[in-house]
Amino acid sequence: MIFVLLAALAFHHYDLVYRLRQHVYPPPWLATLGLGWDGRMMVVSLVALSGWLTGGYALLAVYLWGLFGWESLTCWLAAPRSGVEAADMGTQD
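What counts, and where the lines are drawn
- Residues numbered from 1 in each chain as written.
- Predicted model: local features only at pLDDT ≥ 70, side-chain atom pairs only at ≥ 80, totals over all residues.
- Heavy atoms only, no water.
- Helix = DSSP H or I, 4+ residues; strand = E, 2+ residues; numbered from the N terminus.
- Expected span 1.5 Å × (residues − 1).
- Buried < 20%, exposed > 50% of the residue type's maximum accessible area, 1.4 Å probe, protein only.
- Arc of directions from axis to C-beta.
- Contact = heavy atoms within 4.5 Å.
- Phe/Tyr/Trp six-rings, centres within 6.5 Å; stacked < 30°, edge-to-face > 60°.
- Core = buried A, V, L, I, M, F, W, Y, C linked by side-chain atoms within 4.5 Å.
- Axes fitted to C-alpha atoms, helices over the stretch in contact; angles between N-to-C directions.
- Parallel < 35°, antiparallel > 145°, perpendicular 65-115°, else oblique.
- Left-handed = near helix turned anticlockwise from the far one by under 90°.
- Nonpolar A, V, L, I, M, F, W, Y, C, P; charged D, E, K, R; others polar.

A. Quick peek at helix H3 (residues 36-50). With 15 residues, H3 should cover 21 Å at 1.5 Å per step; its first-to-last C-alpha distance of 21 Å lies within 8% of that length. Among all positions of H3, only Arg40, Val44 and Val47 are buried. Down the axis of H3, the smallest arc covering the buried residues is 65°, so these residues share one side. Away from its buried face, by an angle of more than 90 degrees, H3 presents the exposed residues Asp38, Met42, Leu46, Leu49 and Ser50. Buried residues in H3 make contact with helix H1 (2-22) and helix H4 (53-78). Following H3 by one or two positions, Gly51 adopts a phi angle in the positive range, close to 85°.

Structural data, given as structure tokens:
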């Protein structure tokens, strides 16, 4: 489960870097709902104290994949196309 959680965070960081390169900025609420580094560590600590570590990692991974994946998908589908793809799309009738 830890690898699935790390994969969600790696995907989010890759998405952020690619957005910055394309000047497509993430909404401010994404950082809040993503809990930030401190928030995620607090969740993991509380889950570890409760003794439900594996399930907690699973829920956190599903939550972050859903949040980051959905927001990334909707953002990139809504972003205007540029470059060669846009020129090709404009020439088709």
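B. Geometry of the packing of aromatic side chains. Tallied over the full model, the rule gives three aromatic pairs. Here the aromatic rings of Tyr14 and Tyr18 are separated by 6.3 Å at their centres, their planes lie at 20°, and the arrangement is stacked. With Tyr14 and Tyr18 both in helix H1 and four residues apart, the pair spans about one turn of that helix. A relative accessible area of 57% places Tyr14 in the exposed class. Accessibility expressed as a relative area gives 34% for Tyr18, which makes it partly exposed. Members of the aromatic cluster, each reached through a chain of ring pairs, are Tyr14, Tyr18 and Trp76.

C. Region of interest: the nonpolar core. Counting residues in hydrophobic clusters, the biggest one holds 11 residues: Leu5, Ala8, Leu9, Leu30, Val44, Tyr57, Leu60, Ala61, Leu64, Leu67 and Phe68. Going through the elements one at a time, H1 and H4 are the ones with two or more residues in this core. Ranked by the residues each element gives to this core, the list is headed by H4, at six residues.

D. Representation of the packing of H1 against H4. Running from N to C, H1 and H4 cross one another at 25°; their axes reach a closest spacing of 9 Å. Taken together, the axis directions place H1 and H4 in an arrangement best described as roughly parallel. Remark: the crossing between H1 and H4 carries left-handed chirality. Of the residues in H4, those touching H1 at Ile2, Val4, Leu5, Ala7, Ala8, Leu9, Phe11, His12, Asp15, Tyr18, Arg19 and Gln22 are Tyr57, Leu60, Ala61, Leu64, Trp65, Phe68, Gly69, Glu71, Ser72, Cys75 and Trp76. Its residues assigned to classes, the contact of H1 with H4 comprises 16 nonpolar, four polar and three charged.

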